[in-house]
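What follows is each chain in one-letter form.
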Amino acid sequence: MATEYQRRDGRRYAVAIDGGGTKTECLVAREDGAIVGYGRGGPVNLGFVDALVAAQSIEDALNGAIGGEIAPVAVVALGATVAEDFVRPLVDRVLVYDAFINLTEAPTCLASATPAEMGATILAGTGAFAWARNREGAAHRTDGWGALMGDQGSAYDLVRRALIAAARAVDGRGPSTLLTERFCAHFGVPDLKTASRAIYRGRMLRHEIAALAPLVSATANEDAVACGLLHETGELLAEGLLTCIHRVGIARVPFEVALCGGVFRAGGAVTEPIIRALAGAAPRAVVIEPAGPPVIGALALALG
């Protein structure tokens with residue numbers, strides 16, 4: 001609970017909100033950067049959940065961070081996948097603030113790893129995109145098109161390809177893979193056909209399917225097919241990243257690349273293709289890990 005925040009001790013505060021296909025997070029911090037409140041809600045991407053769900057996610061995150069108190073703050077920073085005109089009325093119900101800044105999600109991802117304004121980032125969570133910005137402020141973004149049109153290299157995309165590989169193995173169209181039995185075990189069913197019914201009839205949401213990505217990553221330690229899927233994920237993400245880097249013209253200068261999102265928990269099988277691609281196309285780039293989730297970057301930009 002944000003007890004210090006609730007006491008309204010005369011300090012100025014910043015509130016940062018970030019959300020996407022799986023969760024929404026909110027941080028409250030004093031002007032010296034000390035975090036005094038945290039809240040979490042569900043998915044907020046209006047492309048995949050309805051407005052009532054998204055609104056509840058934002059309210060849960062806000063109320064968790066501020067304890068339901070209405071208190072004046074200096075700035076509210078938004079770095080979510082949802083539009084400002086949707087979020088702002090929800091914030092207005094519980095906060096009085098001096099300024100509201102819409103940061104968008106890509107700069108907050110970069111800021112979660114480095115204070116540098118020039119650089120690049122990949123976000124690979126439920127969805128996926130790559131983004132780069134040069135010293136003059138020109139930026140380019142690839143993907144983030146959603147599950148039907150893109151999001152290649154995302155957790156959802158990885159699980160979808162893993163399910164296809166498992167089905168191909170059952171049919172005899174592809175190599176055998178432990179993914180088949182691992183998916184069956186997850187759903188508690190005897191065969192993949194029954195698992196498919198659980199997926200379709202249960203109308204699993206995008207973030208629920210994406211949540212199976214760790215199953216694929218764990219299987220990759222002992223299965224060539226799953227390992228290949230992770231490698232392909234890295235290649236897909238690298239393609240978008242290099243496109244952004246070349247578009248903004250930073251391939252020959254030093255800059256940092258922030259790798260954000262749960263997909264990168266899979267480790268080297270995903271990151272090595274990216275590092276290898278950078279070594280050839282942008283040899284002065286340095287891959288760095290973020291200090292925390294994108295909401296940390298939103299907070300850093302709000303305080304900066």
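A brief structural summary. Each chain carries its own residue numbering, running from 1 in the direction its sequence is written. Local features in this predicted model are restricted to residues whose pLDDT is 70 or higher, and side-chain atom pairs enter the listing and the counts only when it is 80 or higher, whereas totals over whole chains, interfaces and linings include all residues. Side-chain metrics rest on all non-hydrogen atoms present in the structure, leaving aside hydrogens and water.

All right, on to the packing of aromatic side chains then. How two aromatic rings sit relative to each other is set out by the distance from centre to centre and by the angle between their planes. Aromatic rings from Phe, Tyr and Trp, taking only the six-membered ring of Trp, are treated as a pair when their centres fall within 6.5 Å; an angle between ring planes under 30 degrees marks them as stacked, one over 60 as edge-to-face, and anything in between as tilted. Within this structure, the stated rule accounts for 1 aromatic pair. Seen in terms of ring centroids, Y97 and F100 are 5.9 Å apart; in terms of plane orientation they differ by 55°. Their pairing is tilted. Should the NZ of a Lys or the CZ of an Arg lie within 6 Å of a ring centre and within 35 degrees of the ring normal, that charge is described as sitting over the ring. Taking NZ or CZ as reference, R141 lies 4.1 Å from the ring centre of F129, over its face.

Per the convention used, a helix needs a DSSP run of H or I reaching at least four residues, while a strand needs a run of E reaching at least two, with both numbered from the N terminus. Within the secondary structure, T194 sits in helix α8 (residues 192-201). On the basis of relative accessibility, which here comes to 23%, the residue T194 falls in the partly exposed class. Using a 1.4 Å probe on the protein chains alone, a residue whose accessible area is under 20% of its type maximum counts as buried, one over 50% counts as exposed, and one in between counts as partly exposed.

Moving on to the state of the cysteines. We call a pair of cysteine sulfur atoms a disulfide whenever their separation is within 2.5 Å. Across all of its chains, the model carries 0 disulfides by this definition. Left without a disulfide partner, C26 is nearest to the cysteine sulfur of C109, which lies 17 Å away. The structure places no disulfide on C109, whose sulfur is separated from the nearest cysteine sulfur, that of C260, by 4.5 Å. Assessed through its relative accessible area of 1%, C109 is described here as buried.

A word on unusual backbone geometry. Phi is positive for T104, which is not a glycine, with a value near 65°. Structurally, T104 is set in the loop between β5 (95-102) and α4 (105-111). The class of T104 is partly exposed, set by a relative accessible area of 39%. Positive phi, close to 45°, is recorded for R203, a residue that is not glycine. For R203, a relative accessible area of 70% gives the class exposed.

Turning our attention to helix α7 (residues 179-187). Residues L179, T180, F183 and C184 constitute the buried set of α7. All buried residues of α7 lie within an arc of 135° about the axis, which places them on one face of the element. Residue contacts are counted whenever heavy atoms from the two residues lie within 4.5 Å of one another. In the core, the buried residues of α7 are packed alongside α6 (155-171), α8, α10 (213-219) and α11 (224-248). Downstream of α7 by one or two residues, G188 has phi in the positive range, about 65°. Picture the helix axis, draw a direction to every C-beta atom, and the arc is the one those directions span.

What follows concerns the pairing of strand β3 (residues 35-41). Each regular strand shows side chains that alternate between the opposite faces of the sheet. Strand pairing follows a simple DSSP-based rule, namely that at least 2 bridges must link the two strands. Bridge count between strand β2 (residues 24-30) and β3: 6 bridges; the pairing is antiparallel. From the neighbouring strand, A29 faces β3, where its bridge partner is I35. The antiparallel hairpin formed by β2 and β3 contains 4 residues in its connecting segment, where G33 sits at a positive phi of about 95°.

With respect to the helices and strands, the residue G42 is situated in the loop between β3 and α2 (51-66). Put simply, G42 and Q56 are 14 residues apart on the chain and 7.8 Å apart in space, counted from C-alpha to C-alpha. Among residues more than four places away in sequence, those in contact with G42 are T22, K23, T24 and S57.

This part covers the pattern of salt bridges. Any Lys or Arg side-chain nitrogen found within 4 Å of a carboxyl oxygen on Asp or Glu counts as a salt bridge. Taken as a whole, this structure holds 10 salt bridges when the rule is applied. The salt bridge partner of D171 is R173, with a shortest N-O separation of 3.0 Å. Judged by relative accessible area, D171 falls into the exposed class, the value being 51%. Residue E222 pairs with R182 through a salt bridge whose shortest N-O separation is 3.1 Å. Taken together, the positions of E222 in the loop between α10 and α11 and R182 in helix α7 put the pair 40 residues apart, joining distant regions of the chain.

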